[in-house]
Amino acid sequence: MPPRIGLSTVSVYPESSAHAFSYAASLGYDTIEVMVGIDALSQQTSAVKQLSEHHGVPIAAVHAPCLLFTQRVWGTEPWGKLERSAEMAQAVGAEVVVVHPPFRWQKTYAAGFVEGIAALEASTGIAFAVENMYPWRASSRRGMEMYLPGWDPSDEPYANTTIDLSHAAIAQSDPILMARRLGDRLRHIHLTDGTGSAKDEHLVPGRGSMGAAPFLRHLAKVGFDGEIVVEINTRKCRDTAEREVDLRESLEFAREHSAVGTP
């Protein structure tokens, strides 16, 4: 069976999470990933569940509010945020919570992060897929490590992980090599693209230099059975029609290159 292709609600920003469900249904996406904190609706379990049922699009994953601009969503205590993310996932039928590693200034949180994630998975039955991040840099020069225990999840014994191609671009990290290091611990994909600049670009897959097509073909070859979620930046689109073009192109790209070829 080909993998399910999902749409992250952040892909339609500045439109709302409600619009994301509408785009997903009309364009034929299989699932949705809810990014908690983009709008108030995304923080309401009952609202996103109703949207899922109304549009007939299941929720595959919940992205915990761990971005810089969502630091105060659902309070400021990081473990509490993850527990609420798991509660939302359980309520809407999602099996995955996507989470970033702690920032370096969250020293107490970071000190017990690896063990804490394992404990949460054991107690909730939800896969906490830790996402690859990147060193922070203002130019092409070597960047500073801003995440603890580190930005590369393959360096830690997480049971479940996420690869984001835009983040890999900033880190100048080969996503196929990372996928090989992770093996069956790779549970989730944020399909996007980047050029290797210091900016987190989240381009439409195929418009950057990260080899999104070979990456998808590699996943198909090794039998990846997790979720593939389109997470792109459409903020510069002039109107909804242009945004729809980018979302459709991303879905078609994902389906074309993740299909297992016949010998």
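Look a little higher up for the structure.
Residues numbered from 1 in each chain as written. Predicted model: local features only at pLDDT ≥ 70, side-chain atom pairs only at ≥ 80, totals over all residues. Heavy atoms only, no water.

J.: How should I be thinking about the overall build of the chain in this particular structure?
T.: Helix and strand content of the chain: nine helices and eight strands. A compact globule built from 263 residues should have a C-alpha radius of gyration of about 18 Å, and the chain, at 17 Å, falls within 12% of that. With the C-alpha coordinates aligned to their principal axes, the bounding extent of the chain is approximately 45 × 40 × 40 Å. Within the span of the chain, comprising 263 residues, buried residues form 56% of the whole. Carbon and sulfur atoms make up 51% of the accessible area of the chain, which totals about 11700 Å². Computing the positive centroid from 24 side-chain charges and the negative centroid from 32, the chain places the two 5 Å apart. (Helix = DSSP H or I, 4+ residues; strand = E, 2+ residues; numbered from the N terminus. Rg over C-alpha atoms; globule rule 2.2 N^0.38 Å. Buried < 20%, exposed > 50% of the residue type's maximum accessible area, 1.4 Å probe, protein only. Areas by Shrake-Rupley, 256 points an atom, 1.4 Å probe, with all protein chains shown as cover. Lys, Arg positive; Asp, Glu negative; His and termini not counted. Charge placed at Lys NZ, Arg CZ, Asp CG, Glu CD.)

J.: Just to check I follow, could you spell out the pairing of strand β5 (residues 127-131) for this structure?
T.: Within a regular strand, side chains alternate between the sheet's two faces. Among the five residues in β5, five count as buried, and that is most of the element. Neither face of β5 is exposed, since A127, A129 and E131 on one face and F128 and V130 on the opposite face are all buried. Strand direction decides the pairing type here: strand β4 (residues 96-99) and β5, joined by four bridges, are parallel. Bridge pairing in β5 places V97 opposite F128. (Pairing = 2+ DSSP bridges.)

J.: Looking at this structure, how should I read the sheet that holds strand β1 (residues 5-8)?
T.: Where strands meet in a sheet, backbone hydrogen bonds hold them as pairs that are either parallel or antiparallel. Around the barrel, eight strands lie side by side as β1-β2-β3-β4-β5-β6-β7-β8; this closed barrel has parallel pairing. On average, each strand axis in the sheet is tilted by 30° relative to the strand beside it, whichever way the strands run. The sheet contact formed by strand β6 (residues 161-164) and strand β7 (residues 186-191) spans four bridges and is parallel. For T161, the partnering residue across the bridge sits in β7 and is L186. (Axes fitted to C-alpha atoms, helices over the stretch in contact; angles between N-to-C directions.)

J.: Help me out: how do you make sense of helix α9 (residues 240-258) in this one?
T.: It helps to recall that an α-helix has 3.6 residues per turn; residues three or four apart then point in one direction. Helix length check: α9 (19 residues) gives 27 Å between terminal C-alpha atoms against 27 Å at 1.5 Å per residue, within 8%. Buried within α9 we find R243, D246, L247, S250, L251, F253, A254, H257 and S258. Angularly, the buried residues of α9 cover 160° about the axis, an arc narrow enough to put them on a single face. At its buried positions, α9 is contacted by β1, α1 (17-27), β7, α8 (212-222) and β8 (227-230). The backbone nitrogen of A241 lies 3.2 Å from a side-chain oxygen of the residue at the head of α9, namely D239. (Expected span 1.5 Å × (residues − 1). Arc of directions from axis to C-beta. Contact = heavy atoms within 4.5 Å. Polar contact = N/O pair within 3.5 Å; in protein donor to acceptor, adjacent residues only side chain to side chain.)

J.: Teacher, can you tell me more about unusual backbone geometry here?
T.: Most of the time, phi is negative for any residue but glycine, and the peptide bond is trans. Here the amide bond leading from Y13 into P14 is cis, since omega sits at 15°, within 30 degrees of zero. Its identity as a non-glycine residue notwithstanding, H202 has a phi of 50°, on the positive side. Structurally, H202 can be placed in the loop between β7 and α8. Overall, H202 belongs to the buried group, its relative accessible area being 9%.

J.: Would you mind showing me how to read the side chain of T9 here?
T.: Relative to the elements of secondary structure, T9 occurs in the loop between β1 and α1. Given the relative accessible area of 1%, T9 is considered buried. Setting aside anything within four residues of it in sequence, one finds T9 in contact with S17, A20, I32, E33, V34 and M35.

J.: Got a minute to help me understand the packing of aromatic side chains in this structure?
T.: Working definition: an aromatic ring pair is given by the centre-to-centre distance plus the angle between the planes. The final tally for this structure, using the stated rule, is seven aromatic pairs. Each member of the aromatic cluster is reached from another via a ring pair, and the members are W79, Y109, F113 and Y158. (Phe/Tyr/Trp six-rings, centres within 6.5 Å; stacked < 30°, edge-to-face > 60°.)

J.: Can you walk me through the nonpolar core in this structure?
T.: The nonpolar side chains of a soluble globular protein tend to be buried with one another. Counting residues in each nonpolar core, the largest one holds 69 residues, and the members touching the most others are Y29, V99, F128 and I163. With sequence-adjacent residues up to four places away left out, Y29 is seen in contact with I5, G6, L7, A24, V230, L247, S250, L251 and R255. The next biggest cluster of nonpolar side chains, apart from the first, holds five residues, and it includes V96, V98, A127 and A129. (Core = buried A, V, L, I, M, F, W, Y, C linked by side-chain atoms within 4.5 Å.)

J.: How should the pattern of salt bridges be read in this particular structure?
T.: Side chains that differ in sign of charge can pair as their charged atoms come close. Under the definition given, this model contains nine salt bridges. In this structure, R243 and E15 form a salt bridge, with 2.7 Å as the shortest nitrogen-oxygen distance. Placement of R243 in helix α9 and of E15 in the loop between β1 and α1 is noted, with a sequence separation of 228 residues between them. When sorted by exposure, R243 lands in the same class as E15, which is buried. Linking E249 and R207 is a salt bridge whose minimum nitrogen-to-oxygen distance equals 2.8 Å. In this pair, E249 is assigned in helix α9 and R207 in the loop between β7 and α8, connecting sequence segments 42 residues apart. Through salt bridges with shared partners, a single ionic network connects R207, D246 and E249. (Salt bridge = Lys/Arg side-chain N within 4 Å of Asp/Glu carboxyl O.)

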